[in-house]
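Summary of the model geometry
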Amino acid sequence: MATNVEETYLYSSPTTFKVSSKDGEIFDIDDSFINQSKTIKNMLNVLDIADNHMPIPLQNIKGTMLNAAIVFCKYHKNDLLSIPDDEDEDDFERDAYEPRRSDDISEWDKEFIKQFTVEEGTLFDIIMAANYLDIKALLAVGCKTIANMVRGKNSDQVRQMFNISYDPPGEGLNTPRNSVTSKESGDNQLLTTQEKESRCKTPSPELMYD
Amino acid sequence: MWLKLPDVIWYNVTCYLSTNDIIHLSQTCRFLFDCISNSNRFWCHLIRVRFGRKVLQRYTIDLFQQSNDDYELYRHIEQETDIRYEYEAIPKDFFRFKGWWPKINAAEYRFGFALVRSYRFYLQRLQLKMAVTEDRFRLQVRYSHKFNNEKLNPYRNSVLLSKLLFYYLYDVKRLMSIDGSKATHRIFSHVMPGKYTVVWRIQLDNPRAGLWHEQHVEFTSLPEYGELAVSSWTNKIIKSKWELNGTNWFHETMGTIIVYDISNVYVALTYYHSRPFGMRWDYVDLKITV
């Protein structure tokens, strides 16, 4: 019983602060968010805000994204410790020939990130928000999602997916064999991506692979 | 819009991608090419993610800043007369060899020469550093597995150093089917300085696999400019391996070699009288370690 009382005491009076987004929406944030967002944590340390009724302005983030980030942090408040800080690991057991796993996104995270992948551009926003707020777990989920999108696609498909127009990378290893000549490049600007792609050959395969 | 993502995010994404996917991504447009394929920072990042901080430090900084100025060590060897005196001065227990001893006037003379070189380095080992210059690295780097060295040749001087280094580290350093006959050996050519563990893949056929009497079978790896490693197996060890693995192929670490300068590494499996029976081996890997 005693522990229960203690817990309720801890969670009934969390330190809450207010933040405001780019479009003027105001949100309450609590420990779960502050602990996971290094940016906010540092801000609070530096600013030493006594009056927690004044919202902290976050000029780079849209209200919807800020809301989503807060929801994400609420859900993940307890697994803070389980995220390895892999910056410093020197793990020789791990196979250096394999990239890190990106298929280990949890079900909840998958559902969470789905709302951003359906609508063009919002995945970009949530990743930018995660980057700005420095929320490691959210950033990892976002990057894994992009990695999963890129995996197994050739350059043309990646270009199509990200809606990137093709500009030949110029001199170097990856210079396409039939790169666009300077004469053509003028009218190329008028063409759509797809038309451009049909005119340019796919860049040469990676040099050092058979 | 996607190209507005900061470099850091793309670096983060590439942690989860295979090398092929990374190359495809870098070929999509100029921004990603500059950000990934054409950026020293990126390849250093990838080396750190895949191999760890210590390897990054050693291969991108230390090796190129250090040098050995004792040129006596590199004294040329062309004929056996050049080194006969040195060869005979090598104590027999240096090699810890129970059986075969490589001669310098027989078929295995290259192995013998390498032994002399290695002994020179062994004597000086406390003052030695792992060192290489960028020019020599660019000129001599070779890939052994799945890579095409021919195609690399025209680009040797223009590819980013850190990219060449990543592929060197990433490359599987493997020699297939080591012959078991007495005096033969295989050579890893142009191995960069560093520490490598030598891993053999071995299989035992039946519980009675082993050697005649009290004999040994020896797994030797001998870098020219570095310290060798010898593992000696007796019947007792082979028996314990059988109990562990049965008839499955298994990997066995046969010591760690230290290479101080770009070297050929000679690998041999040797025995005194007769080939170990019921035992097969198919490849040797050099694995980078720190």
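In this text, all values refer to a predicted model and were calculated from it rather than measured experimentally.

Conventions and cut-offs
Residues numbered from 1 in each chain as written. Chains lettered and ligands numbered in written order. Predicted model: local features only at pLDDT ≥ 70, side-chain atom pairs only at ≥ 80, totals over all residues. Heavy atoms only, no water. Helix = DSSP H or I, 4+ residues; strand = E, 2+ residues; numbered from the N terminus. Buried < 20%, exposed > 50% of the residue type's maximum accessible area, 1.4 Å probe, protein only. Contact = heavy atoms within 4.5 Å. Polar contact = N/O pair within 3.5 Å; in protein donor to acceptor, adjacent residues only side chain to side chain. Domains from an automatic or database assignment. pLDDT = per-residue confidence, 0-100. Pairing = 2+ DSSP bridges. Phe/Tyr/Trp six-rings, centres within 6.5 Å; stacked < 30°, edge-to-face > 60°. Axes fitted to C-alpha atoms, helices over the stretch in contact; angles between N-to-C directions. Parallel < 35°, antiparallel > 145°, perpendicular 65-115°, else oblique. Nonpolar A, V, L, I, M, F, W, Y, C, P; charged D, E, K, R; others polar. UniProt positions renumbered as here; feature names shortened; annotations may be inferred. Core = buried A, V, L, I, M, F, W, Y, C linked by side-chain atoms within 4.5 Å. Expected span 1.5 Å × (residues − 1). Salt bridge = Lys/Arg side-chain N within 4 Å of Asp/Glu carboxyl O.

1. Here's the deal with the overall build of chain A
When helices and strands are counted, chain A shows 10 helices and three strands. Its helices and strands taken in sequence order, chain A reads α-β-β-α-α-β-α-α-α-α-α-α-α from the N to the C terminus. Across the 210 residues in chain A, those meeting the buried criterion constitute 38%. Restricting to contacts in chain A with at least 6 residues of sequence separation, those with at least 24 account for 67%.

2. Re unusual backbone geometry
Residue and element names in this part refer to chain A. Unusually for a residue other than glycine, D134 sits at a positive phi of about 60 degrees. Structurally, the position occupied by D134 is in the loop between α6 (122-133) and α7 (136-150). Overall, D134 belongs to the partly exposed group, its relative accessible area being 30%.

3. A short note on the environment of N149(B)
Residue and element names in this part refer to chain B. The residue N149 is located in helix α9 (residues 149-152) in this model. What N149 contacts, discounting residues up to four positions off in sequence, is V141, R142 and Y143. Side-chain polar atoms of N149 contact the backbone oxygen of Y143, separated by 2.8 Å.

4. Quick notes on the domain arrangement of chain B
A common way to report how large an interface is uses the accessible area buried once the components associate. Structurally, chain B comprises domain 1 (1-38) and domain 2 (71-127 + 172-289). Inter-centroid distance (C-alpha atoms) of domain 1 of chain B to domain 2 of chain B is 42 Å.

5. So, the confidence of the model for chain A
Residue and element names in this part refer to chain A. Counting all residues, the mean pLDDT for chain A is 70, and 60% of those residues have values of 70 or more. Put simply, helix α9 (residues 182-188) is where chain A has its lowest mean pLDDT, 37, and α7 is where it has its highest, 89. Taken together, the stretch residues 1-13 has pLDDT below 50 and engages in zero contacts with residues farther than four places along the chain or on a different chain. Within the model, pLDDT remains below 50 along residues 171-210, and this stretch shows 72 contacts once partners closer than five positions in the same chain are excluded.

6. Regarding the sheet that holds strand β9 (residues 279-289) of chain B
Residues and elements named next belong to chain B. Pairing is antiparallel in the open sheet, where five strands are placed in the order β1-β9-β3-β7-β5. Pairing within the sheet leaves two strands with one partner each, and these edge strands are β1 (173-176) and β5 (226-227). Across two bridges, the pairing between β5 and strand β7 (residues 250-259) is antiparallel. Bridged to E227 within β7 is I258.

7. A look at the packing of aromatic side chains
All names here are of chain A. Applying the stated criterion to the full structure yields 22 aromatic pairs over all chains. For the ring pair F112 and F116, a centre distance of 5.4 Å and an interplane angle of 65 degrees mean the geometry is edge-to-face. Linking F112 with F116, this pair stays in helix α5 (residues 107-117), spanning four residues, or about one helical turn. An identical accessibility class is assigned to F112 and F116; each is buried.

8. Digging into the packing of helix α4 (residues 40-51) of chain B against helix α5 (residues 53-65) of chain B
Angle between the axes and distance between the axes: these two values describe a pair of packed helices. Residues and elements named next belong to chain B. Direction vectors running N to C along α4 and α5 enclose 135 degrees, while the axes themselves pass 7 Å from each other. Taken together, the axis directions place α4 and α5 in an arrangement best described as oblique. Contact residues: C44, I47, R48 and F51 in α4; R53, V55, L56 and T60 in α5. Classifying every residue of the contact of α4 with α5 gives five nonpolar, one polar and two charged.

9. What about the UniProt feature "domain: F-box" (unreviewed entry) in chain B?
With numbering matched to this structure, UniProt assigns "domain: F-box" (unreviewed entry) to residues 1-46 of chain B. Structurally, residues 1-46 of chain B is divided into 67% helix and 0% strand, and its ends, taken at the C-alpha atoms, are 25 Å apart.

10. Remarks on the nonpolar core
Counting 121 residues, the largest nonpolar core has F33(A), I146(A), Y168(B), M192(B), Y196(B) and W200(B) as its most contacted members. Leave out the neighbours within four places in its chain, and I146(A) touches L123(A), I127(A), F162(A), W2(B), L5(B), W10(B) and V13(B). Counting 18 residues, the second-largest nonpolar core is a separate cluster that includes I90(B), I104(B), L228(B) and A268(B).

11. Overview of α4(B)
Residues and elements named next belong to chain B. Taking 1.5 Å per residue, 12 residues should reach 16 Å; α4 reaches 16 Å between its end C-alpha atoms and fits that length. Of all 12 residues that make up α4, nine are buried, and the element is covered over most of its length. Turning to α4, its buried residues number three or more, namely F42, W43, H45, L46, I47, R48, V49, R50 and F51. Considering only its buried residues, α4 is in contact with α1 (7-14), α2 (19-26), α3 (30-37), α5 and α10 (161-170). In the segment just after α4, G52 is the residue with positive phi, at about 95 degrees.

12. Observations concerning the pattern of salt bridges
Residue and element names in this part refer to chain B. Enumeration over the complete set of coordinates arrives at 15 salt bridges over all chains. Linking E224 and R117 is a salt bridge whose minimum nitrogen-to-oxygen distance equals 3.5 Å. You can see E224 sitting in the loop between β4 (217-223) and β5 and its partner R117 sitting in helix α7 (residues 109-123), a full 107 residues away along the chain. Note on accessibility: E224 and R117 belong to one class, buried. In this structure, R138 engages E134 in a salt bridge whose closest nitrogen and oxygen atoms are separated by 3.1 Å. One end of the pair, R138, and the other, E134, are both in helix α8 (residues 134-140), four residues apart, so they sit about a helical turn from each other. Judged by relative accessible area, R138 falls into the buried class, the value being 9%.

13. Concerning the sheet that holds strand β1 (residues 17-20) of chain A
Residues and elements named next belong to chain A. Spatially, the three strands line up as an open sheet ordered β2-β1-β3, and their pairing is mixed. Each having just a single partner strand, β2 (26-29) and β3 (56-57) make up the two edges of the open sheet. Sheet analysis places β1 next to β3, joined by two bridges and oriented parallel. Across the sheet, residue S20 finds its bridge partner in β3, namely P57. Of the strands in this sheet, β1 and β2 are in contact with helix α4 (residues 63-75), which crosses β2 at around 15 degrees.

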